[in-house]
Amino acid sequence: MSEVSSTPKPVQELVENGDELPQRYIWRDNGDYGAIDFSVPLATEIPVIDFSLLVSSKSAMDPELLKLRSALSSWGCFQAVNHGIEISLVDQVRKLSREFFHLPKGEKQKYARPTDDFEGYGNDTVMFENQPLDWVDRDMLYDYTAKVREIEEQLLKAMARSLSLPEDSFVIQFGEQPSISARFNYYPPCARPDAVVGLKPHTDGLGITILLQDEQVEGLQLLKDNQWFRIPIMPHALVVNLGDQLEIMSNGIFKSPVHRALTNPTRERNTLAMFCTPDPAQEIGPVEELINDKRPRAFKNIKNYAASYFYYYQQGKSPIDAVRV
Ligand SMILES: O=C(O)CCC(=O)C(=O)O
Ligand SMILES: [Fe+2]
C-alpha cells in the first residue's frame, strides 16, 4: 500500500447524505480472525472485579488480586465495578458525547481532525491508499480524565502486586509524561452490518484502555483462544482491557486481546475509550523479575511503541510481533 494524505468524509456524513457504501468500507476477512458474526457466545465468564477491593488487597494471594491476575492472563480484560466514578458523571459524559455527534455538520467541522493528527472530529486515521476503513467517527475531548488517571495508577499497582512485584514496577515504565487520551467512538446505524465492521480486529497499542460501553447497544467482541465472544453490557461498569505495552512489560504473562466492534442496522452506538499510554520517551520492556529460565525474555525493549504500532495496524498486521525476541 502506498502512503496517502487524504481524509475521507466522516462516516456520519455518508449516512446523512444517503451515499452509497464506498467499497473501502466492505470488510474483507484475510483468514486471520474469521468473518463478521453476530451470534458468537456472550462472554458471561468475563471477570467482574470490585475495584475498591482491588485497591485494599495487598497480598498476591488475596482473592481479588488472584482474580485480576487470572483475568489479565486469560482474557486480557475485565469489567470493573465500584470504580469510584459517580454514575452521574458517567451519564453526563455519555450525554455530552451523543450531543456532540448530533451537532450540525458545520459545528462539528470546527473540531475537524487534521490529516496527520489523531485529535479531532473525523473518521478512521488513514495512512495508506487502499487501507480498509472502519465504520466509525471519532472525537477527542479532555474531560473525565482525572478519575481515570486514579484508576489507572491503582490498577497498575494492583497488577504488580498480583505478580508479587514491587508495587511501582509498571508505574515507572509509564515514565515522566504518561498520557491519557479520550476517544469518543460514534458508530452510525449501518445498512450492511454483515459487510462492514465498526472497528476492525485489533489490539490496543498502549498500556491500558478503559472503555465506557454504550448502555443499550451491544457491539464489542473479543477474541479468546481463537474464539470470538460478545462483551456483555453492564451499564455503569468500565471495560478494562490491556494494550500491547502491558503484554510486553509483563513478559507475555498478561494478554493484550484482539477485539473488534460490529455495527447495528438501526441503532447508533456510542462508546468512550480512554487510552492510558506510557511516555514515548521512556523505554519499556519486560520487568526483570519476570524473566527467568522458565519464561525467557519474550520481547525486546522499545521506545515509542505507538509510532510503529500504527504503521503495522493500518495495514492489518500485528504490531506486537515486530518486537518479539
Ligand atoms: O467501541 C468499542 O466497543 C471498542 C472501541 C475500541 O476498541 C477502541 O477504541 O480501540
Ligand atoms: Fe480497541
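Residues numbered from 1 in each chain as written. Chains lettered and ligands numbered in written order. Predicted model: local features only at pLDDT ≥ 70, side-chain atom pairs only at ≥ 80, totals over all residues. Heavy atoms only, no water.

Below, the discussion takes up the pattern of salt bridges. Within the structure shown, the criterion is met by twelve salt bridges. Of the charged contacts in the structure, one is a salt bridge between Arg161 and Glu167, with a shortest N-O distance of 2.7 Å. According to the relative accessible area criterion, Arg161 is buried, its value standing at 7%. (Salt bridge = Lys/Arg side-chain N within 4 Å of Asp/Glu carboxyl O. Buried < 20%, exposed > 50% of the residue type's maximum accessible area, 1.4 Å probe, protein only.)

This part takes up the side chain of Glu152. Structurally, Glu152 is set in helix α6 (residues 145–162). No salt bridge forms around the buried Glu152; measuring N to O, its nearest opposite-charge neighbour Arg149 is 4.2 Å away. Those residues in contact with Glu152, other than ones at most four positions away along the chain, are Phe174, Ile180, Ile208 and Cys276. (Helix = DSSP H or I, 4+ residues; strand = E, 2+ residues; numbered from the N terminus. Lys, Arg positive; Asp, Glu negative; His and termini not counted. Contact = heavy atoms within 4.5 Å.)

The subject of this paragraph is the side chain of Asp279. Mapped onto the elements of the fold, Asp279 is located in the loop between β12 (269–277) and α8 (305–313). For the buried Asp279, which has no salt bridge, the nearest side chain bearing the opposite charge is Lys303, at an N-O separation of 9.3 Å. A distance of 2.9 Å separates a polar atom in the side chain of Asp279 from the backbone nitrogen of Ala281. If near-sequence neighbours (up to four positions away) are discounted, Asp279 is found in contact with Phe174, Gly175, Glu176, Gln177 and Pro178. (Polar contact = N/O pair within 3.5 Å; in protein donor to acceptor, adjacent residues only side chain to side chain.)

Considering every residue of the protein chain, the mean pLDDT works out to 88; 90% of them sit at 70 or more. Predicted as a complex, the structure gets a pTM of 0.90 and an ipTM equal to 0.98. (pLDDT = per-residue confidence, 0-100.)

Once that is clear, we can look at the pairing of strand β11 (residues 259–262). Judged by which residues are buried, β11 turns out to be covered on both faces: His259 and Ala261 on one side and Arg260 and Leu262 on the other are all buried. Here strand β8 (residues 220–224) runs beside β11; their pairing, made up of three bridges, is antiparallel. Paired with Gln221 across the bridge in β11 is Arg260. (Pairing = 2+ DSSP bridges.)

Time to look at the nonpolar core. Side chains of nonpolar character tend, in soluble globular proteins, to be buried together. Of all hydrophobic cores here, the largest spans 58 residues; its most connected members are Leu68, Met159, Phe170 and Ile208. In terms of nonpolar packing, the next biggest core, distinct from the first, is built from 13 residues, Cys77, Leu211, Ile231 and Ala273 among them. (Core = buried A, V, L, I, M, F, W, Y, C linked by side-chain atoms within 4.5 Å.)

With that out of the way, let us pick up empty space enclosed by the protein. According to the stated counting rule, one finds three cavities of 30 Å³ or more in the structure shown. Here the largest cavity is characterised by a volume of approximately 140 Å³. Taken together, 17 residues make up the lining of the largest cavity; nearest its centre are Asn185, Leu199, Leu211, Leu220 and His259. When residues of the lining of the largest cavity are traced back to their parent elements, those giving at least two are β5 (179–187), β6 (197–202), β7 (208–212), β11 and β12. For the lining of the largest cavity, the per-class residue count stands at seven nonpolar, six polar and four charged. (1 Å grid on protein atoms, 1.4 Å probe; cavity = no way out; pocket = protein on both sides within 12 Å on 5 of 7 lines; lining within 4 Å. Points joined across faces, edges and corners; volume = space filled by probe spheres on them. Nonpolar A, V, L, I, M, F, W, Y, C, P; charged D, E, K, R; others polar.)

This part is about the environment of Glu152. Of the residues examined, Glu152 reaches a relative accessible area of 5% and is grouped as buried. On a C-alpha basis, the gap between Glu152 and Gln227 in space is 28 Å, while along the polypeptide they are 75 residues apart.

Those residues carrying the UniProt feature "domain: Fe2OG dioxygenase" (unreviewed entry) are residues 178–278 in this numbering. Across residues 178–278, the secondary structure splits into 6% helix and 47% strand, with the terminal C-alpha atoms separated by 5 Å. (UniProt positions renumbered as here; feature names shortened; annotations may be inferred.)

With that settled, the discussion passes to the coordination of the iron ion (ligand 2). By definition of the ideal shapes, four donors in a tetrahedron about a metal sit 109.5 degrees apart, and six donors in an octahedron sit 90 or 180 degrees apart. Around the iron ion (ligand 2), the protein contributes the donor atoms His202 (NE2), Asp204 (OD) and His259 (NE2), which lie 2.1 to 2.2 Å from the metal centre. Read in sequence order, the donor residues coordinating the iron ion (ligand 2) give the pattern H-x1-D-x54-H. Side by side, His202 and Asp204 carry an identical accessibility label, which is buried. (Donors = N, O, S within 2.8 Å, 3.2 Å for Na, K, Ca; no water.)

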